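Structure at a glance
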Amino acid sequence: MWTKDKMNSTLLDVRNLEISYSASTGWLPFLRRKPQAVVRDASFSLAAAETVALVGESGSGKTTLARAIAGLLNPTQGQILFENQDITVPIERRSRELHRQIQFVFQNPDASLNPRRRISHILGRPLQFFFGLSGPNRTRRIEQLLQDVHLDPGYMRRFPTQLSGGERQRVAIAQALAAEPKLILCDEIVSALDVSVQANILDLLRELQAKRGIAYLFIAHDLAVVRWLAHRVVVLYRGQLMEIGMSAEVFTPPFHPYTETLLQSVPEPDPDRALPAGDGSASDRMDIENKVGCPFAPRCPHRLGPICDQEIPPWQTVSATHAIRCHVPVADLAKRQASP
């Protein structure tokens, strides 16, 4: 199976990851709990100073994957390597140095910004925790962090509630930068912002990457955002990888039928089955034992027939850096997708 490109300096390597939640089979607490797979057989890599985007509808498993990489969820199978070190362990068993090197920026900055603390305190905590900075040295570093995210040093005296949404997200990015990480997990960090503010944040991320060599795992559902920022794209549907490739390749035929759907318009929900919520709720998660067929088959515009329902689709190599997981031959996909 094609799992990664040939880029050097691999920073993160996710191998055959499976992540499950336990769901009760009834309302009584003593009833047997059955594991439900949210992510299955996920394999991809990320190089130093590279941006890899995880793309898919809500509930596709993007955030679940990021939380597992951060140590907030324990995979049931597979391996997560960071600089060739196995980090497939809960967050409490990870070293302080590993905590420093992998940082998380959330969609809602309020999740990480204490509204009762000034920005100086919020940015000062990681500086003290990871580097032991205090006094004037810490203050100077806080001022520099604010300048790095294009905020005036005077912001250090403000509270988060005194900032706009874009400004709060800049502070959240500065908070992650304070640890001097090698990898930042960005979970839909521009989706709640106005388009003009989104563009400014994306420009900031590119600028910081160029200056610091930071790698981003960028979670998004907006393909326009992904095209602007990502070097490579990983497309997920119902917890399974459908396509991996360089950004230009993923946006050019041939592409996976699900990617085609994403590119054509905002996908409509499957009328026969609601999309999973992505939070581990029991409403619509995949049974860990149900591993047959292509999950996109019921919605696929190029469905071949029973084979799509009954057999797991194979990975097909399009180029050295591009692969599609589909039963339809790549040549046929190219012809169908090139048609008006």
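Definitions and cut-offs
Residues numbered from 1 in each chain as written. Predicted model: local features only at pLDDT ≥ 70, side-chain atom pairs only at ≥ 80, totals over all residues. Heavy atoms only, no water. Helix = DSSP H or I, 4+ residues; strand = E, 2+ residues; numbered from the N terminus. Buried < 20%, exposed > 50% of the residue type's maximum accessible area, 1.4 Å probe, protein only. Contact = heavy atoms within 4.5 Å. Areas by Shrake-Rupley, 256 points an atom, 1.4 Å probe, with all protein chains shown as cover. Core = buried A, V, L, I, M, F, W, Y, C linked by side-chain atoms within 4.5 Å. Salt bridge = Lys/Arg side-chain N within 4 Å of Asp/Glu carboxyl O. Pairing = 2+ DSSP bridges. Polar contact = N/O pair within 3.5 Å; in protein donor to acceptor, adjacent residues only side chain to side chain. Expected span 1.5 Å × (residues − 1). pLDDT = per-residue confidence, 0-100. Axes fitted to C-alpha atoms, helices over the stretch in contact; angles between N-to-C directions.

**So, the overall build of the chain**
Along the backbone of the chain there are 11 helices and 13 strands. Across the 340 residues of the chain, 52% fall into the buried class. Taking as baseline every contact in the chain between residues at least 6 positions apart, the subset at least 24 positions apart corresponds to 67%. Of the roughly 15700 Å² of accessible surface on the chain, a fraction of 49% belongs to carbon and sulfur atoms.

**A word on the nonpolar core**
Here is a general trend for soluble globular proteins: nonpolar side chains tend to be buried in one another's company. Within the largest apolar cluster, 55 residues are counted, with the highest numbers of intra-cluster contacts made by Ile-173, Leu-205 and Phe-218. Look past the residues within four positions of Ile-173 in its chain and what remains in contact with it is Val-105, Val-149, Ile-201, Leu-204, Leu-205 and Leu-208. In this structure, Tyr-21, Val-38, Ala-42 and Ala-215 belong to the second largest nonpolar core, which totals 36 residues.

**A few points about the pattern of salt bridges**
In this structure the tally under the stated criterion is 10 salt bridges. Among the ionic pairs, Glu-50 bridges to Arg-232, the shortest N-O distance being 2.6 Å. Of this pair, Glu-50 sits in the loop between β2 (33–47) and β3 (51–55) while Arg-232 is found in strand β9 (residues 232–237), placing the two residues 182 residues apart along the sequence. Judged by relative accessible area, which is 2%, Glu-50 ranks as buried. Between Asp-110 and Arg-168 there is a salt bridge; the shortest N-O distance is 3.4 Å. Taken as a pair, Asp-110 in the loop between β6 (102–105) and α3 (119–131) and Arg-168 in helix α5 (residues 165–177) lie far apart in primary sequence, 58 residues in all. We classify Asp-110 as partly exposed; its relative accessible area is 42%.

**Considerations on the pairing of β9**
The two faces of a sheet get side chains in turn, since along a regular strand they alternate between them. Burial of β9 is extensive: six of the six residues sit out of reach of the surface. Side chains Arg-232, Val-234 and Leu-236 project from β9 onto one buried face, and the interleaved Val-233, Val-235 and Tyr-237 project onto a second face that is buried too. Of the strand pairs in this sheet, β3 and β9 are connected by four bridges, and their pairing is parallel. Within β9, the residue paired with Val-55 across the bridge is Val-235. Bridging between β9 and strand β10 (residues 240–246) involves six bridges; their strand directions are antiparallel. Bridged to Leu-236 within β10 is Leu-241. Taken together, β9 and the strand that follows it, β10, pair antiparallel across an intervening segment of two residues, in which Arg-238 is found at a positive phi of about 50 degrees.

**Focus on the environment of Ser-43**
Summarising the element assignment, Ser-43 is placed in strand β2. Distance from Ser-43 to Ile-80, taken between C-alpha atoms, is 9.4 Å for residues 37 residues apart in sequence. Only 2.7 Å separates the side chain of Ser-43 from the backbone nitrogen of Asn-16, close enough to count as a polar contact.

**Focus on the pairing of strand β12 (residues 315–319)**
Strand direction decides the pairing type here: β12 and strand β13 (residues 322–325), joined by four bridges, are antiparallel. Looking at the pairing, Gln-316 lines up with Ile-324 of β13. Between the antiparallel neighbours β12 and β13 lie two residues.

**A short note on α3**
In this model α3 runs 18 Å from its N-terminal to its C-terminal C-alpha over 13 residues, within 8% of the 18 Å that 1.5 Å per residue would give. Of the residues making up α3, those classed as buried are Ile-119, Ile-122, Leu-123, Gly-124, Pro-126, Leu-127 and Phe-130. In this structure, the buried residues of α3 make contact with α2 (96–101), β6, α4 (135–148) and α5.

**What to know about the side chain of Gln-337**
Tracing the chain through its elements places Gln-337 in helix α11 (residues 330–338). On the basis of relative accessible area, Gln-337 is assigned to the buried category, the value being 11%. Within the structure, the side chain of Gln-337 is placed 3.3 Å from the side chain of Glu-260, a separation counted as a polar contact. With residues near it in sequence (within four places) discarded, Gln-337 still touches Pro-253, Pro-254, Phe-255, His-256, Pro-257, Glu-260 and His-302.

**Description of the side chain of Gln-240**
With respect to the helices and strands, Gln-240 occurs in strand β10. According to the relative accessible area criterion, Gln-240 is buried, its value standing at 5%. Contact partners of Gln-240, with chain neighbours within four places excluded, come to Arg-40, Val-235, Pro-295 and Arg-325.

**As for the confidence of the model for the chain**
Confidence in the prediction of the chain, expressed as mean pLDDT, is 87, and 85% of residues score 70 or more. No element of the chain has a lower mean pLDDT than strand β11 (residues 286–287), which averages 40, and none a higher one than α4, which averages 98. With pLDDT under 50 throughout, residues 1–7 is counted as low confidence; its partners more than four residues away or in other chains account for 25 contacts. In this model residues 266–290 is a low-confidence stretch, pLDDT under 50, and it forms 55 contacts with partners more than four residues away in sequence or in other chains.

**Considering the sheet that holds strand β8 (residues 215–220)**
Taken in spatial order, the eight strands line up as β6-β7-β8-β3-β9-β10-β13-β12 in an open sheet, and their pairing is mixed. Across the chains shown, the open sheet's two edge strands, defined by having one partner strand only, are β6 and β12. The mean angle between the axes of side-by-side strands here comes to 20 degrees, regardless of whether they run parallel or antiparallel. Lying on the sheet, helix α9 (residues 257–264) is in contact with β3, β9 and β10; it crosses β9 at an angle near 100 degrees.

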